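Fold and geometry: a report
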Amino acid sequence: MLVRKIRNGTVIDHVPAGRALLVLRLLGITGKEGYTVAVVMNVESRKLGRKDIVKIENRYLDPGEADKIALIAPTATINIIRDYKVVEKRQVEAPETLTGILECINPTCITRKPREPVIPRFRRVPGERLRYQCVYCGTIIEEEEILRQLTGTQ
Amino acid sequence: MEGNWRGRDVISILDFTREELEELFKHAESMKKSLEEGRVEKKLKGRIIALAFFEPSTRTRLSFETAAKRLGADTIGFSSGFSTSVEKGETIADTIRMLDSYADAIVIRSKYEGSALLAAEIAGKPVINGGDGKQHHPTQAMIDLYTVRELKGRIDGLVYAIVGDLRYGRAATSFILALTRYQPESVIFVSPPQLKPRPEVLMLLEEAGIRYSYARLEDAVEAADVLYVTRIQKERFPDPAEYEKVKGSYRVTRSLLEEKAKRELKVLHPLPRVDEITHDVDDTEWQAYFTQAANGVPVRMALLSLILG
């Protein structure tokens, strides 16, 4: 399958197969913003078996967006393209702490109390699985819930 | 060593090392002795301790108040959210900010998990968690360990059976977490399936290498050196009929103890109890819950004097 190179912008490679549309949703890209977007889904990958790729012309990611991508596509690599060349390539990394990105699922956590001036904070639970623990109430949030919160899907 | 205590927040029992807990217990021992001898030094004269109880409390509030007064400090505060401007819509954060400017330390209880941590982030003065929702009750855990240590001579190497609501009960949860600072022989849980300890609590037990299992009450009583009993609240059951069916399975009676328990077994309960320990246990050698309740004062005196001394 041939998808032309982009001149300037971002290529998000090694997205787990089936998650490319979630990556776009997370970035708030609907197709109406004027960016040229290419989505390649379920192609062969030496590293992953199958993978998705997202190319977005003239759009760069801020560090907060890269952190969020790490949460839904932990294997992704982000390539910054300028004048058809990869000028920067980095592996996303799930952050050790998350501030204000996720909401605690425990209804009696202080972060859920209406009007209380407190920003939800999470710490990564050590281990293979992507799990975060609320700093305030200790509740552990699993990967499915993270996906649900960040992309509005189950 | 005491330098580690001064001005310190007390949010979770996990904030403390075994060495620090042992140091606290030594102070509590000498506080208890001086209480018995009627010669308590007024170490906190002129200090003010705020008791911010957004949720009702009897023992915790009164024993903190007694502890403060025995040491010569004054207390201010409220004992339920209803009597404060929180009821009018003020946030916990604003109330804490105000108390921080009035008092030298703040004891907080609230139904929201994490409220004590939030208070500690806001206040410059030390904050002591008097219970936050279902999460932590660190000073209760200190009292519980102190009582075991006092009555059994050690905390390590014992079999602990913990009975009741282990999922939503903060005293039981904090006690389980406190055991990770020691080396119990094993921990046996006795609870209905829906009230088993939360995954994050079990994770910490596993990390600490502590063996745990689940058992029926009779078998747990037979094996235990310490039986820690807590209340099972009816409202935790989606179907009240289900509660009526199982409640007898978690009731500790004198006849059960006579049939199964070791002579040296000690029965603890953070109180209040409803009917999970029958009154005929009260005048047996197994009963340790009144000693435990009484220990609330010297342990909290020790804690206050270390933090504010």
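No experiment lies behind these values; they were computed from the predicted model shown.

1. As for the overall build of chain A
Tallying secondary structure elements over chain A gives three helices and nine strands in all. Counting from the amino terminus, helix and strand elements in chain A follow one another as β-α-β-β-α-β-β-β-β-β-β-α. Taken along the three principal axes of its C-alpha coordinates, chain A extends 50 × 30 × 25 Å. Sequence separation of at least 24 residues holds for 58% of the intrachain contacts in chain A that already meet a minimum separation of 6. Summed over its atoms, the accessible surface of chain A is roughly 8400 Å², and 49% of this surface lies on carbon and sulfur atoms.

2. Focus: the domain arrangement of chain B
A common measure of how large an interface is: the accessible area buried when the components associate. Residues and elements named next belong to chain B. Annotation of chain B at the domain level lists domain 1 (2-136 + 295-308) and domain 2 (138-293). Between the C-alpha centres of domain 1 and domain 2 the distance comes to 25 Å. If you look at the interface, domain 1 gives 34 residues, while domain 2 gives 33 residues. Counting the surface lost from both domain 1 and domain 2, the interface buries some 2800 Å², and carbon and sulfur atoms represent 58% of this. Contact with domain 2 buries area across many residues of domain 1, yet Ile13, Lys134 and Asn295 alone supply 25% of it, more than any other trio. For the pair domain 1 and domain 2, the number of links is five salt bridges. At the boundary of domain 1 with domain 2, the tally comes to 18 residue pairs in polar contact (both at pLDDT 80 or more).

3. Observations regarding the interface of chain B and chain A
Across the contact, 17 residues belong to chain B and 19 residues belong to chain A. When chain B packs against chain A, the two sides together hide about 1500 Å² of surface, and 55% of this comes from carbon and sulfur. Taken together, the links from chain B to chain A amount to one salt bridge. The closest approach of N and O atoms between Glu121 of chain B and Arg121 of chain A, which form a salt bridge, is 3.1 Å. The interface formed by chain B and chain A includes 11 residue pairs in polar contact (both at pLDDT 80 or more). If you list the elements that add at least two residues to the side of chain B that touches chain A, you get helix H3 (92-102), helix H4 (115-122) and helix H7 (199-207) of chain B. Among the elements that make up the side of chain B that touches chain A, the one with the highest residue count is H4 of chain B (four residues).

About the thresholds
- Residues numbered from 1 in each chain as written.
- Chains lettered and ligands numbered in written order.
- Predicted model: local features only at pLDDT ≥ 70, side-chain atom pairs only at ≥ 80, totals over all residues.
- Heavy atoms only, no water.
- Helix = DSSP H or I, 4+ residues; strand = E, 2+ residues; numbered from the N terminus.
- Contact = heavy atoms within 4.5 Å.
- Areas by Shrake-Rupley, 256 points an atom, 1.4 Å probe, with all protein chains shown as cover.
- Domains from an automatic or database assignment.
- Buried area = accessible area lost by both parts, 1.4 Å probe.
- Salt bridge = Lys/Arg side-chain N within 4 Å of Asp/Glu carboxyl O.
- Polar contact = N/O pair within 3.5 Å; in protein donor to acceptor, adjacent residues only side chain to side chain.

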